[in-house]
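These are the residues of each chain, in order.
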Protein chains: 2
Amino acid sequence: MPSIMEAEKKGILGTDVVCQIGIVCHDLEKTGKAYAEFFGMECPPVSESGDPERVKAVFNGEPSDAGCRMMFFELGNIQIELIQPDEKPSVWRNDLESKGEGLHHIAFIVKDMDGKLKKLDAMGIALRQKGDYANNSGCYAYVDARDTLKLTLELLENYAD
Amino acid sequence: MPSIMEAEKKGILGTDVVCQIGIVCHDLEKTGKAYAEFFGMECPPVSESGDPERVKAVFNGEPSDAGCRMMFFELGNIQIELIQPDEKPSVWRNDLESKGEGLHHIAFIVKDMDGKLKKLDAMGIALRQKGDYANNSGCYAYVDARDTLKLTLELLENYAD
């Protein structure tokens, strides 16, 4: 484990490890099968974003009951997340419609999500969407670094860490 | 080091390690400065794709003298490559114009580039662009997995490996 001093060197997020690359698609099963064949692995189970009452998602500042279905591929050094959004407006659905299928975000595991979101907002990197995990073991937030870093970042906080 | 048997398990490419995430942008210095500040690191030097006579790039099946300027950020588990293409048609310029700034590719280090390209082509994953490194120590190829994996893959072969 790095010390707090070392962690603080790793910039705004306190980490420089990209834990996940997110990809949006129209057909999760078809794209998942293509990934499994390409990387010579089993197709992982489908995960669901979960009950909107528990997830309490907020998109563009408003409560949202949008959801998605996901598959997680554990590659050698990083996780690839495939996401098929439902039809309701969300960071996934809106980006899928405006940019098409493809690379969507890179993700980092952080501590102190609220503190990080405040610091990012003060830098002009605003919240796009946030919510809790389906099993309430953590939370996620997508922030809009499209002007500065040219992409959407996802922050993940796992309460057990 | 994994054994050859282990490597062969890792699917079509012989590896499941994503070595690089590529991002296209309009202004390399400005975007590079934003990355350096965000991750609390020095801005890396600018690299150039190099002399077209040495690089011998091929784009969409035709010889090409398109080039780009790049910065490489070494994060904890992966490299981020920022790319500012010149104005000539290339995998970078065309994608920047059609999709805008942002995530462009993920890359893998492979052996036997020609064999890999043949195998991918037979699967319907065709070559988009290839060329040699500026210092001729290796070569790269972008292949079109947009239909299947929903992205462009880059293969890198380093002759010294």
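Please refer to the structure placed before this passage.
Residues numbered from 1 in each chain as written. Chains lettered and ligands numbered in written order. Predicted model: local features only at pLDDT ≥ 70, side-chain atom pairs only at ≥ 80, totals over all residues. Heavy atoms only, no water.

Colleague: Honestly, the interface of chain B and chain A in this entry has me stumped. Any pointers?
Modeller: Many analyses report the size of an interface as the accessible area lost when the parts associate. Taken together, the contacts link 41 residues of chain B with 41 residues of chain A. Of all residues in chain B, B:Phe38, B:Leu103 and B:Lys150 give up the largest surface area on contact with chain A, accounting jointly for 24% of the area buried on that side. Taken together, the links from chain B to chain A amount to two salt bridges. Where B:Glu101 meets A:Lys150, a salt bridge forms, and the shortest distance between an N and an O atom there is 3.0 Å. In this assembly, chain B and chain A are joined by 14 residue pairs in polar contact (both at pLDDT 80 or more). Secondary-structure elements contributing two or more residues to the side of chain B that touches chain A are strand S1 (20-24), helix H2 (28-39), strand S7 (102-109) and strand S10 (151-158) of chain B. When the residues that make up the side of chain B that touches chain A are grouped by side-chain class, the tally is 23 nonpolar, eleven polar and seven charged. (Contact = heavy atoms within 4.5 Å. Buried area = accessible area lost by both parts, 1.4 Å probe. Salt bridge = Lys/Arg side-chain N within 4 Å of Asp/Glu carboxyl O. Polar contact = N/O pair within 3.5 Å; in protein donor to acceptor, adjacent residues only side chain to side chain. Helix = DSSP H or I, 4+ residues; strand = E, 2+ residues; numbered from the N terminus. Nonpolar A, V, L, I, M, F, W, Y, C, P; charged D, E, K, R; others polar.)

Colleague: Teacher, can you tell me more about the packing of aromatic side chains here?
Modeller: Two measures describe an aromatic ring pair: the distance that separates the ring centres and the angle between the ring planes. Summed over the entire model, instances satisfying the criterion amount to 14 aromatic pairs over all chains. With centroids separated by 6.1 Å and ring planes inclined at 25 degrees, the aromatic side chains of A:Tyr35 and A:Phe39 adopt a geometry described as stacked. Here A:Tyr35 pairs with A:Phe39, and both are found in helix H2 (residues 28-39), just four residues apart, close to one helical turn. A relative accessible area of 1% means that A:Tyr35 is categorised as buried. With a centroid separation of 5.7 Å and 40 degrees between ring planes, the pair formed by A:Phe108 and B:Phe39 is classed as tilted. Separated into two different chains, A:Phe108 in strand S7 (residues 102-109) and B:Phe39 in helix H2 make up a pair that spans both. Both residues of the pair, A:Phe108 and B:Phe39, count as buried. Here the aromatic residues A:Tyr35, A:Phe38, A:Phe39, A:Phe73 and B:Phe108 are joined through ring pairs into a cluster of three or more. (Phe/Tyr/Trp six-rings, centres within 6.5 Å; stacked < 30°, edge-to-face > 60°. Buried < 20%, exposed > 50% of the residue type's maximum accessible area, 1.4 Å probe, protein only.)

Colleague: Explain the environment of B:Val110 here, please?
Modeller: All names here are of chain B. By secondary structure assignment, the location of Val-110 is in the loop between S7 and helix H5 (113-122). Judged by its relative accessible area of 4%, Val-110 is buried. Between the C-alpha atom of Val-110 and that of Ile-80, which follows or precedes it by 30 residues, the distance is 18 Å. Those residues in contact with Val-110 that sit more than four places away from it in its chain are Leu-13, Lys-116, Leu-155, Leu-156 and Glu-157.

Colleague: Just checking my understanding: could you explain the relation of the copies chain B and chain A for this structure?
Modeller: Here the two chain copies are tied together by a rotation about an axis and a shift along that axis. At an RMSD of 0.0 Å, chain B and chain A line up after a rotation of 180 degrees and a shift of 0.0 Å along the axis. One copy is carried onto the other by what is essentially a two-fold rotation axis. Here 100% of the interface residues in chain B have copies in chain A that are interface residues too; the copies meet face to matching face. (Least-squares fit on C-alpha atoms with pLDDT ≥ 70 in both.)

Colleague: What is the right way to read the sheet that holds strand S3 (residues 57-59) of chain B from this model?
Modeller: Pairing between sheet strands relies on hydrogen bonds along the backbone, with the strands arranged either parallel or antiparallel. Residues and elements named next belong to chain B. Reading across the sheet, the ten strands line up as S2-S5-S6-S1-S7-S10-S9-S8-S3-S4 and stay open at both edges, with mixed pairing between neighbours. Where the open sheet ends on each side, the last strands, each with one partner, are strand S2 (47-48) and strand S4 (62-64). Of the strand pairs in this sheet, strand S8 (residues 126-132) and strand S9 (residues 138-145) are connected by six bridges, and their pairing is antiparallel. When the sheet's bridge partners are listed, Gln-129 is paired in S9 with Tyr-142. (Pairing = 2+ DSSP bridges.)

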